[in-house]
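# Structure at a glance
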Amino acid sequence: MQPFDYSCYEYESDLCRRVGCVDGRQISLFPTPVFQYKLKDLSVCRKTVKLVEKSISDYPKQWTDYQDTSFKFIHNTLTSSDDLHLDPQFNFLLETLNPIIQLTIDTLNISTTGFNMLNMWSNINGIGGYLASHTHPNSFLSGVFYLQTPGENKGKIFFEDPKETKSMWQFDSHQGKTSMFQYRSWEFEPDVGDLFLFPSWLRHGTCQGKWKNNEYRMSLSFNILPKFKCTTNTMTYNLQEV
């Protein structure tokens, strides 16, 4: 497996000769990696849903009370404590996620001796629920794992372009073709078993979905810190010994 360093698009020879060149290419030097995986064994999701509901003390009452508060009209999202990864009952889930996380770190071509999961929590969205644009401080990689996605409109997850200066210009596309300068965000409609991993500094959020009053979307979020080190002079540190 060759990890990506940049994306490169080679022009066709005829196009290059037409403008007096031998060859030509478009090189995207600073890509923003977002990893999307689809879990094969969806029974893991169903088992985790039951554990999440169990982990929230008096879950049915909390959800009912929450629906009656003014917060319902802001985000309509109920969040658990962020230490679910420390509960031995979730070990089966960590055994599922950890190899995927390690594959992602390996693809980034970072020398590590493993990683630490800093925290993990659940998000339960009622009808109209969403999460505003945000980042995850004090973390290197973040992830979201979808456990339950009801309705025809499941509420897309979006990622915002970190290059804010690109938003200074807006223009029409050429011959109806999309341009890398047109979009300020990308959206993905999630399904049960979908797992997204991305840099923790990348702004992201979820759109409002549409489902029945007695249904809700459920996902797990988590933060990762690889056990890496740097030996470059003036920038040395070692998290492998922490």
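A few points on the structure. (Residues numbered from 1 in each chain as written. Predicted model: local features only at pLDDT ≥ 70, side-chain atom pairs only at ≥ 80, totals over all residues. Heavy atoms only, no water.)

### Focus: the overall build of the protein
The helix and strand inventory of the protein stands at 4 helices and 13 strands. A buried classification covers 38% of the 242 residues belonging to the protein. Taking the intrachain contacts of the protein between residues at least 6 apart in sequence as the baseline, contacts between residues at least 24 apart amount to 82%. Total accessible area on the protein stands at roughly 14,900 Å², and carbon and sulfur atoms take up 53% of it. (Helix = DSSP H or I, 4+ residues; strand = E, 2+ residues; numbered from the N terminus. Buried < 20%, exposed > 50% of the residue type's maximum accessible area, 1.4 Å probe, protein only. Contact = heavy atoms within 4.5 Å. Areas by Shrake-Rupley, 256 points an atom, 1.4 Å probe, with all protein chains shown as cover.)

### Observations regarding unusual backbone geometry
Positive phi, close to 60°, is recorded for Asn 109, a residue that is not glycine. Structurally, Asn 109 can be placed in the loop between helix H4 (91-107) and strand S5 (112-125). For Asn 109, a relative accessible area of 60% gives the class exposed. Of note in this structure, Asn 138 is not a glycine but carries a positive phi near 60°.

### Regarding helix H2 (residues 43-55)
It helps to recall that an α-helix has 3.6 residues per turn; residues three or four apart then point in one direction. With 13 residues, H2 should cover 18 Å at 1.5 Å per step; its first-to-last C-alpha distance of 18 Å lies within 8% of that length. Those residues of H2 that fall on the buried side of the exposure criterion are Val 44, Cys 45, Thr 48, Val 49, Leu 51 and Val 52. Summarising the contacts, the buried residues of H2 are in contact with H4, S5, strand S7 (141-148) and strand S12 (217-230). (Expected span 1.5 Å × (residues − 1).)

### Examining the packing of aromatic side chains
Evaluated as defined, the whole model comprises 7 aromatic pairs. Aromatic pair Phe 140 and Phe 228: ring centres 5.3 Å apart, planes at 90°, arrangement edge-to-face. Here the residue Phe 140 occupies a position in the loop between strand S6 (131-134) and S7, and Phe 228 occupies one in strand S12, the gap between them amounting to 88 residues. Look at Phe 140 and you get partly exposed, because its relative accessible area is 29%. For the ring pair Phe 228 and Tyr 237, a centre distance of 6.0 Å and an interplane angle of 75° mean the geometry is edge-to-face. (Phe/Tyr/Trp six-rings, centres within 6.5 Å; stacked < 30°, edge-to-face > 60°.)

### Focus on the pattern of salt bridges
Enumeration over the complete set of coordinates arrives at 7 salt bridges. As a salt-bridge pair, Asp 194 and Lys 38 come within 3.6 Å of each other at their nearest N and O atoms. Residue Asp 194 is found in strand S10 (residues 194-199), and its partner Lys 38 is found in strand S3 (residues 35-38); the two are separated by 156 residues along the sequence. On the basis of relative accessible area, Asp 194 is assigned to the buried category, the value being 6%. (Salt bridge = Lys/Arg side-chain N within 4 Å of Asp/Glu carboxyl O.)

### A word on the environment of Ser 185
With respect to the element layout, Ser 185 can be found in strand S9 (residues 185-188). Since its relative accessible area comes to 30%, Ser 185 is described here as partly exposed. Separated by 23 residues in the primary sequence, Ser 185 and Pro 162 place their C-alpha atoms 9.2 Å from one another. Setting aside residues no more than four positions away along its own chain, Ser 185 makes contact with Phe 159 and Glu 160.

### Some remarks on the sheet that holds strand S11 (residues 204-206)
Across the sheet, which stays open at both edges, the 4 strands sit in the order S6-S11-S8-S9 with antiparallel pairing between neighbours. What marks the edges here is a single partner per strand, and that holds for S6 and S9. Put simply, the sheet's adjacent strands are angled 15° from each other on average, direction ignored. Bridging between strand S8 (residues 157-160) and S9 involves 4 bridges; their strand directions are antiparallel. Within S9, the residue paired with Phe 159 across the bridge is Trp 186. (Pairing = 2+ DSSP bridges. Axes fitted to C-alpha atoms, helices over the stretch in contact; angles between N-to-C directions.)

### As for the side chain of His 136
Mapped onto the secondary structure, His 136 falls in the loop between S6 and S7. Side-chain polar atoms of His 136 contact the side chain of His 134, separated by 3.3 Å. Within the local environment of His 136, its side chain forms a polar contact with the side chain of Asn 223, the two groups lying 2.7 Å apart. (Polar contact = N/O pair within 3.5 Å; in protein donor to acceptor, adjacent residues only side chain to side chain.)

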